[in-house]
Amino acid sequence: MASRCRWHTRCSQRGRQWAGAGGGLPPASLPSLTPPPPHTPVPLSPQHLLLFLLFVGPFNCFAGYSRATELFYSLNEGLPAGVLIGSLARDLQLPAAAGQHPAAPQPPLSFTLASRGLGGQYVQLDNRSGELHTSSVEIDREALCVESSGATVFGAAAAVSSSSPSSESCLLLLDVLVLPQEYFRLVKVKIAIRDVNDNAPRFPVPHIHLSVPENAPVNTRLAIEHPAVDPDVGTNGVQTYRLRDNYGVFTLDVEENESGERTPYLIVMGALDRETREEYVTVIIAEDGGTPPLVGSATLTIGISDINDNCPQFNDSQLNITLYGNSSLGTHVATVHAVDVDLGSNAQITYSYSQKVPQPSKDLFHLDESTGNIMLSSKIDGDTPRLHRLIILGNGPGCIPAVITVLVTVIKVMMRPPEVVPRFIANEVEGVVYLKELEPINTPIAFFTIKDPDEKYKVNCYLDGDGPFRLSPYKPYNNEYLLETTKPLDYETQQLYEISVVAWNSEGFHVNKIIKVQVLDDNDNSPVFSQQLIELSIEENNVPHAFLTKLHATDADSGERGQVSYFLGPDAPSYFALDKTTGVLTVSTQLDREEKEKYRYTVKAVDSGFPPRESIATVTITVLDKNDNSPRFINKDFSFFVPENFPGFGEIGVISVTDADAGQNGWVALSVLNGSDIFVIDTGKGVLRAKVSLDREQQSSYVLWIEAVDGGDPALSSTAKITILLLDINDNPPLVLFPQSNMSYLLVLPSTLPGSPITEVYAVDKDTGMNAVIAYSIIGRRGPRPESFRIDPKTGNITLEESLMQNDYGLYRLLVKVSDHGYPEPLHSTVMVNLFVNDTVSNESYIESLLRKEPDISIEERQPQISIEPTHKKMESASCMPTLVALSIISLGSIALVTGMSIYICLRKGKKHHTADENLEVQIPLNGRINLHMLEKKPVEISNI
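*Asks:* Sorry, what's going on with the nonpolar core here?
*Replies:* Across soluble globular proteins, nonpolar side chains show a tendency to be buried alongside one another. Formed by 30 residues in total, the largest nonpolar core has its most connected members in Leu 88, Phe 111, Leu 132, Val 176, Val 189 and Ile 191. Put simply, the parts of the chain that give this core at least two residues each are β2 (67–76), α2 (88–91), β4 (110–113), β5 (123–125), β9 (171–179) and β10 (185–194). Those residues in contact with Leu 88, other than ones at most four positions away along the chain, are Leu 71, Tyr 73, Phe 111, Gly 130, Leu 132, Val 176 and Val 189. One finds Leu 323, Phe 365, Ile 380 and Leu 390 within the second-largest nonpolar core, a separate group that totals 25 residues.

What follows is the structure, encoded as C-alpha cells:
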C-alpha cells in the first residue's frame, strides 16, 4: 500500500531554481491555489510555457503565480499492477479534487509526466484524475538501488535515487506537469521503495575451509572470510549466524562494522589436538531478520594444523641381541624404531649413537641414521669384546632425544662354518634368478663351490625346497655342484620358487644359501572362449545396432600376452559387428526371419603376444518369428466351374493360402465373409463346399469373399475373391408355349397354296447352350393325306407340302416332338397339332367330338436333323390333274354338305355335354421363368375358329 504523502511548496529567496532538492517553506506560507484574476492569456505549448517559467520563475515566486511542489510517497517493492500510490489532485488540494466544488466552471486539469525515463516505466499516471498507480513492470528494490554505491541515478525527468534520506532509502523520482496554465506547476514526486524480505542469505562459495592450529588457546577468534550476502537491507538483511554442530569446542560470534556489514567469527571454546582429531566438518547457517526469517547455508570444514608438540618415542627401552662370532660382514644385527605422531617435518626422526658408546663398538656395528638398521661392519676376531652396550638416540626437531639400549652379546665360535660360493649361469639380479618358461630340461642355473675354510672337515651339500630343480656334483671336480632344471617351467602354474643350497660339515655346522627363481612368462597359451558354441536368439525386426551378447575369452598369459582382442570370422555377414576390445556383438540392421532364419559363423579371440595366438568359437543366431506377415493367397481371384445339381457338401475347390511366419503366427484360419448360409470352407484344408445342391436356373454364379486370419497376436488377415460359375446340366425338357392345348385346332382352307405356312409350334428350354437348342419333328400323323404337312426342325413352322385335293378334306392330327440337344441324354416334350381342312366350320360340336377321341397314331422314331434343311416335295403334275380336281371338288362338296348337316344336328343335341368335355384338353404347364423375348410370341387362340 502507498502511504499518505507529505508535500510543500518551495521558492528560493535568493534566485535559485525552484526545482531544487532543498527544504521548503512552511505550510503557512503556501500561496493560494485559486486562479488569478481574469486576463487574456497568450496560448503557449507546455514546452514553451515551461521554458518561459524557468526564466520568470524567480520573479513570479514573489507574486505567487508559479509553484514548485514536492510530494512524498512510499510503497513496498514487488506490488502488482494497479495498486494506488497516491492522488496528485487530492494531495495538492486542487479544485478538481474530491469534496471541493468551485464557484465558477473551471477548465479540466491535466497531469502529464514531463518525460518517461527510467522511473516512468514503473508507474501509470491518470491524466485526468492525477491518480498514480503501479504499472505492470514489477518494482524490484534490489535491482533499482545499489546500496553500496550511494549514488543517485537520474534519467531526464524521472530517476531512481538511493542517496536520501538514509542508506536504506531507495527513491523513485518523477516530474509531473499540471495544466492548464491557470494551475500550472511542476510537481516533484518522490516515491520511497520499501524493502521486503524476498531474498535469502547466500554464501558466495558452497564450501568454506578454515585452518586452526592445534595449540590455539580458548577464546581464539578466527574471521570467516566468506560471509553470507543478502540483497535485502535493514532487518531483512543477515542478522545472525549459527553452527549446526559445534562439537562442543566451537561457537560463532558476529561483529558489525561502521558500514553495517556483519562478519562471522569462529571462536575456539575447548582444547584441540590434531593427533586426536584432525578435521571437523559442519554447516554454517546465516539467518536474516525478516518475518518469517530466511536462511542460507554452506559447508564449513575446520582443519586442525599440526605443531611440533610430540617427540619421538621407542616402544622398548632395551633390546638383547646374540651374535655368533663367525658371522660374516654385513650381517643384520638389529633394527631400532621410534615413533613421532606429528606430521611432516615435525615427525622426522634420525638415529645416532650416544657419546657414551665406545668407539670400537661404533666401528664394529654400523648404525643407519635414517632406518635405524644395525649391521656388522667389521670382522669379529679373538680380541673382539663379548658384550657391547649400544645406546641409541632417536632425535626429533626441537625435542629431547628418545633413548634405547641395544645389548649385543658375541658368542665366539672356534670352528668356522662351511662356505657356499655361487656362480650364476642364468640371469641373476640381487639373488633372484630369472628363467623363461618352456626352457628345455636340464637348463643350467648356477655352479656352487662348497668348501671348508679350515680345510679340516668334509663338507656335503643338498638342495632343500620344492620345484623342478636338481643339484648334482659336477664331475670330475669334488667341491663343484651344478643346479639345473628337471622339467620345463610353467608360468601359469607357479611364478616364483624359493630353494636353498644347504652345506654342512662333519661337525654338524649348516650353511644355507637361499636362491629365488622367478619364472618369466612366454606367449604359450591361446585365448580360451568360455563357450565354443555360442547359441543366441533375437526377434526379427530388431532395432538397428541391437545388442546380441558379450563374448568372453581368457588367456592365462600375463601382461600384453594375455590381452585378448575379438574379431569376426570371414564367414560372418557384413551387418554383424564385434567390438575389438569389449567383445560386444551387435547387429547393425533389421533381421527378417522370412528371409533367413539361421546364421552361423565363426569369431576369433587373438592375444597380443608375438607371434599372436588365437582360438575360434562358433556363433549360431536363431531369428525368432514375429507376426509381421499377413496370410497370402496364391491368387487374389479364384474361379471354380461347378455343374449344377452338384451334391451338397461336395468339394467345389481348394483355396490355397500361405503365411510366411512360423509356428502359431503361421497358422491360418479361413472363413466365408458372405454367403455363409450356403457355403462353408474347411479351415485346415481350405476345401470350399456348398451346403445344398445348386441350381443354375435359380442362380448362375456366386461371388464369395474368403478371409484368412493367422494365429498371431495381434492377428493379421487378408481376403480373396471367389467366383463360382454353375455349368448347365440338361435337367429341363423343352416347354411348349404354343399351341396351348392338344384340343385346339386350326381351319386350313383347301385353296391354300403349297409352301404356305399354316401354324407353328413354339417352345422354350430353361437350360443353356446345347441343352437349350430345340429341334421340332413330327413323330405321328393321322388324316386323309397326313404327309401333306411338314414342320421346320429349327423354327417349328408347319407348312403345306402339297396341294389339297377334294378327297383331302377332313381332320389332320400331327404329333409333334419338341426335343433339346442335351447331354448326356436329350429331353423332349410332345404336343398335338390339329388341322381341319375345309372351306368352313359348320359344325364345331362334330369337330370337338373328333378331337376327344383317342387318335390312332403310329409313332415314327426318326430323329430330326436340324442341320439339314428340309426339302419340299414337288407334286408331280399330270395332264389330267385339272379334270380330276374339279370332279373331286364337286363330289366332296356334296358329301360334305350332307355330312355337315348331319353333324350339325347331332352337335345341337349334344351341346349340353360340351362344357364337361372341355376339361379333357391337355394343358401345358408353364413352370419356371420365361425370357421376355420368348413372351413376345403370344399363342393364338384357335379353338373357336
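*Asks:* Honestly, unusual backbone geometry in this entry has me stumped. Any pointers?
*Replies:* It is generally the case that most residues other than glycine have a negative phi and that most peptide bonds are trans. Here Leu 179 and Pro 180 are connected by a cis peptide whose omega angle stands at 15°. Mapping Pro 180 onto the fold places it in the loop between β9 and β10. Phi is positive for Asn 219, which is not a glycine, with a value near 75°. Summarising the element assignment, Asn 219 is placed in the loop between β11 (207–213) and β12 (221–223). By relative accessible area, which is 52% here, Asn 219 ends up exposed. Look at His 545: it is not a glycine, yet its phi comes out positive at around 60°. Within the secondary structure, His 545 sits in the loop between β37 (533–539) and β38 (546–550).

*Asks:* I tried to follow the sheet that holds strand β27 (residues 419–424) on my own but got confused; where do I start?
*Replies:* What holds strands together in a sheet is hydrogen bonding between their backbones, with the strands either parallel or antiparallel. Strand order across the open sheet formed by four strands is β27-β30-β33-β32, with antiparallel pairing between neighbours. Edge positions in the sheet fall to β27 and β32 (469–473), since each of these pairs with one other strand and no more. In this sheet, adjacent strand axes meet at a mean angle of 25° when their direction is disregarded.

*Asks:* Mind showing me how you'd approach the sheet that holds strand β53 (residues 717–727) here?
*Replies:* An order of β46-β53-β52-β49 is seen for the four strands of this open sheet, with the pairing classed as mixed. Since the sheet does not close on itself, it has two edges, and those belong to β46 (637–643) and β49 (668–672), each with one partner. Within this sheet the neighbouring strands show an average axis-to-axis angle of 25°, counted without direction. Note that strand β52 (residues 701–710) and β53 share nine bridges and pair antiparallel. The residue of β53 that forms the bridge with Ala 708 is Ser 718.

Reading the values: the criteria
Residues numbered from 1 in each chain as written. Predicted model: local features only at pLDDT ≥ 70, side-chain atom pairs only at ≥ 80, totals over all residues. Heavy atoms only, no water. Core = buried A, V, L, I, M, F, W, Y, C linked by side-chain atoms within 4.5 Å. Buried < 20%, exposed > 50% of the residue type's maximum accessible area, 1.4 Å probe, protein only. Helix = DSSP H or I, 4+ residues; strand = E, 2+ residues; numbered from the N terminus. Contact = heavy atoms within 4.5 Å. Pairing = 2+ DSSP bridges. Axes fitted to C-alpha atoms, helices over the stretch in contact; angles between N-to-C directions.

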